Amino acid sequence: MNSPLKLEKPQRWDTPFDERMDDRAVNELLQIDPFASMDEQAFGTNVPLRGLLKNDCRITNYQDGEIVIREGDYGNSAFLILSGELLVSLDSLPANILGRATPKKKNFFQTLAQGWTNSKHSEVRNYSDQNSDCRISNAEDRARIFIQDVPRVITADRSETLQTGEFFGELAALTRSPRTATVVSKGNARVLEVRWQGLRDLMKRDSALKNHIDQIYREFSLKSHLRETDLLQSLSEDQIEKIAAETCLETFGNFDWQVQFKAAQKKDIRQRIHDEPVIAERGEYPNGLILIRNGFCRLSRPYGNGHQTISYLGKGETFGFRELAHNWQTGQQRNWSLSLRAVGYVDILRIPTFAVEQFVFPNIPSSKLPALLPAAGTISARSSDQQKKKRRGSPVNSDLLEFLMDHRFINGTQAMMIDMNRCTRCDDCVRACASTHDNNPRFVRQGKQHDNFMIAGACMHCVDPVCMIGCPTGAIGRDQNTGYVTINDNTCIGCSTCANSCPYQNIRMVNVRDSKGNPMVDTHSGEPIAKATKCDLCSDQQGGPACQRACPHDALYRIDLSDSEQLEKWFG
Amino acid sequence: MTRQRQLKIRLICSLALTSVVTACLVGLILWQRANLQNATYTSGAILLACLFFLAGYSLRKKIPFASFAGPSRFWMQLHIYVGLSTFLIFAVHIGFRIPDGILESTLAILYLIVASSGIYGLYITRTIPKKLTHVNDEVIYEQIPVIRQQLAAQVHALASSAFGKSETIARFYVNRLSPFFEKPRALAYIIRPTTRESRKLQNEINQLDRYLTSDQAGLSEKLISMVQRKDNLDYHQAMQGRLKYWLFIHIGLTYSLLIIGVVHGVMALAFHGGMR
């Protein structure tokens, strides 16, 4: 028998947030609040406070006018001001100021002119006509983006100043939601950045920090989220207040799920489902109403030796209402009838059962109460044929759901779906894409296939756009009006962060050329200049995505795979 | 409403609309004839306009960025139903008789070839995609030669590894595998692809199993899967190629038809009053 290959088991801090963090910086941090008042003993030996500060934090010096965070960015870290002041804009700033793409629709003549103005060479760029209100510079091994003329852009009456010692950005980091404001350095500032893993552990071991963040969340986000929940809309402000006081915020799964996604794909499906964190287990006591704030959950039930996917729930959906309503109406004790598992990263609110029974059920119209659950045993007695068909509001069969879940296609709001039974492989879609992108196609007509449906390799403009996390210049961003994820070619520095993050490999790095076809190279290093490219849904064209318009056989459509109505239409 | 249902409703509505419009046009021509007017010019003009419109779809495809031109699927639907209606208009135009002049005969034959190729195209664009979907290996047409070359190299490497140990494999590779992987398929296969040859080869590989040494176990399975992959590639090439070459012929003939059609129209107008 061959002897096993011996490797050092990967450790949590193999890759620190910033390798430049040394003991001197850690000692300095331990002298200031909130770290000075933390009890190092509470952290134990596995995750010591010093280790957290050294490996999950970094210190950044910002210059006057430099953007610290941008509104709309998906961040994965929180910030603490060590010295200096930062300016928070109370208004939404225009996309061009933040370094984002600002697609302008082509007019009739510009559209027509594409027929003869498209480049002969691939990936041709012309950067001579750049006109932006932001400036990029490279220093300290990172790209910096500055707002030019800050007082004009962020006026004193429409801004707030953050002082030394203040925390910010923690909610977006913990709840994986977009940043709600843009923060700019006011003069020179020194800022500590804590990545979400470190923040989570700091909160776990330091009750003061946990309470502080919890309070911020309850103050600014929780009540508005509860008010937006359909089931709770008939409740009074006072009742919402009382529910908010009892609600727990919980997170499941890995924030950086995309990193492990590819490796996890190689595992057996049973193992993959088994590894997914359980939010609610079938057969257990229903301890509350679950509201999904972010991410996707798998609804499953045991079937044979594994778990069968029945449906999935996404942002804004609830779980457990039926069981709770049944128990409240009948006085019986029925447990969860299905399991709820976190797929990737999930962020939920759990309203305890007693709070639902006390404040929700007596105050909602009876029409909102669901039908009683069928008699016990009825569900498990269903035939295997029925199990394959529609169930619990799920419009499509179980196999397709498994396919969409396994490949995380449920994340896509504009997935390119091709019906291969109608597609003649004529490539009109590819040619149309190329013709609207200066002769450079922005997708690949290949991809994962289920039965006759293929999800082609085009950006899906995801619900959870992990590609946007970590972009140093904010070049990749979500358009506030359309929701499309687009890249600003002018501010992209070619770092590949987005391309590496995309779990579907739908972002491609290309080396750019000038109009004569010569490669563009960096003045200092002489290396080719790379840019991230992907489908932008033809946001500068009239009439929507050219690929869809060009398909003569009704085979290609851009569809929202997180929308059950569209799923039913296409796969029902 | 599901997509399938939408498509069925569209089919029924389109057929109904085409029937009504065609009936109106034919009715107009017949009404002119009944009133002793020269209806041939009307039917000819309608027919020529239809042909230009049908050829216009090719131009629409060349400007995919032009959103104002409408989606291609809409054009495709119009192309199909206008094309179908031309059959009846053509029949009325020639007066349900066989043309006798050289130009008219050439034009009629050309029209029939183009129209038939259109019907054939409709048939293959509706049937071949399903056949290709049944084959597991989805492949892009332009990549097929490269993939085939890689596959041939893999088979060569696999067989070479057994050359020193087994003469059986060496002989089988030279005589049977190498021609299958390296030579293009015969015209008969391109016209009507079958799995006969690959099945035969797979059977032979199975037979070969008993002549192999124990350390060559598993070789036959690998070879069989490679033969299957090659067969799938050939099938894709034949069927995708058919779709591409059909379009090439259909469009090429359409332009010839348009030119001769215009000549016919000019001559018909020039000799409007007959020879003087």
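Residues numbered from 1 in each chain as written. Chains lettered and ligands numbered in written order. Predicted model: local features only at pLDDT ≥ 70, side-chain atom pairs only at ≥ 80, totals over all residues.

## A word on the overall build of chain B
Line of reasoning, step 1. For chain B, the count of helices and strands is nine helices and zero strands.
Line of reasoning, step 2. Taking 276 residues into account, the globule formula puts the C-alpha radius of gyration at 19 Å, and chain B, at 27 Å, lies well above it.
Line of reasoning, step 3. The dimensions of chain B, computed from C-alpha atoms along their principal axes, are 90 × 55 × 35 Å.
Line of reasoning, step 4. In chain B, which comprises 276 residues, the share counted as buried stands at 20%.
Line of reasoning, step 5. Counting contacts in chain B only where the partners sit at least 6 residues apart, residues at least 24 apart contribute 79% of the total. (Helix = DSSP H or I, 4+ residues; strand = E, 2+ residues; numbered from the N terminus. Rg over C-alpha atoms; globule rule 2.2 N^0.38 Å. Buried ≥ 20, exposed ≤ 12 C-beta atoms within 10 Å, placed from the backbone. Contact = placed C-beta atoms within 7 Å.)

## Regarding the domain arrangement of chain B
Residue and element names in this part refer to chain B.
Line of reasoning, step 1. Its domain assignment divides chain B into domain 1 (3–136 + 248–270) and domain 2 (141–240).
Line of reasoning, step 2. If you average the C-alpha positions of domain 1 and of domain 2, the two centres end up 45 Å apart.
Line of reasoning, step 3. Of the residues lining the interface, five residues belong to domain 1; the matching set on domain 2 comes to four residues.
Line of reasoning, step 4. Residues that form the side of domain 1 that touches domain 2 fall into these classes: three nonpolar, one polar and one charged. (Domains from an automatic or database assignment. Nonpolar A, V, L, I, M, F, W, Y, C, P; charged D, E, K, R; others polar.)

## Here we look at helix H4 (residues 102–134) of chain B
All names here are of chain B.
Line of reasoning, step 1. Given a rise of 1.5 Å per residue, 33 residues ought to cover 48 Å, and the 47 Å separating the end C-alpha atoms of H4 matches this to within 8%.
Line of reasoning, step 2. The sharpest bend along H4 measures roughly 25° and falls at Ile124.
Line of reasoning, step 3. Buried residues of H4: Leu107, Tyr111, Val114, Gly118, Thr125, Pro129 and Leu132, and no others.
Line of reasoning, step 4. Those residues of H4 that are buried lie in contact with helix H3 (72–93) and helix H9 (219–270). (Expected span 1.5 Å × (residues − 1). Bend = angle between axes of the 7 residues up to and from the residue.)

## A look at unusual backbone geometry
All names here are of chain A.
Line of reasoning, step 1. Of note, the bond from Asp33 into Pro34 is cis; its omega dihedral lies within 30 degrees of zero at 5°.
Line of reasoning, step 2. The topology assignment puts Pro34 in the loop between helix H1 (23–30) and helix H2 (49–55).
Line of reasoning, step 3. One non-glycine residue, Asp438, lies in the positive phi region at around 55°.
Line of reasoning, step 4. Tracing the chain through its elements places Asp438 in the loop between helix H15 (428–436) and strand S16 (444–450).

## Digging into the domain arrangement of chain A
All names here are of chain A.
Line of reasoning, step 1. Looking at the assigned domains, one finds that chain A contains domain 1 (23–92 + 142–205), domain 2 (229–402) and domain 3 (408–514 + 521–571).
Line of reasoning, step 2. Between the C-alpha centres of domain 1 and domain 2 there is a distance of 35 Å.
Line of reasoning, step 3. Contacts between domain 1 and domain 2 engage five residues on the former and five residues on the latter.
Line of reasoning, step 4. Its residues assigned to classes, the side of domain 1 that touches domain 2 shows one nonpolar, three polar and one charged.

## Examining the nonpolar core
Line of reasoning, step 1. Counting 128 residues, the largest nonpolar core has Val68, Leu86, Ile290, Cys297, Met416, Ile476 and Cys547 of chain A as the members making the most contacts within it.
Line of reasoning, step 2. Leave out the neighbours within four places in its chain, and Ile476 of chain A touches Cys467, Met468, Cys471, Val485, Ile487, Cys498 and Ala532 of chain A.
Line of reasoning, step 3. Among the nonpolar cores identified, the runner-up in size contains 13 residues, and Ile46, Leu54, Tyr57 and Phe90 of chain B belong to it. (Core = buried A, V, L, I, M, F, W, Y, C linked by C-beta atoms within 7 Å.)

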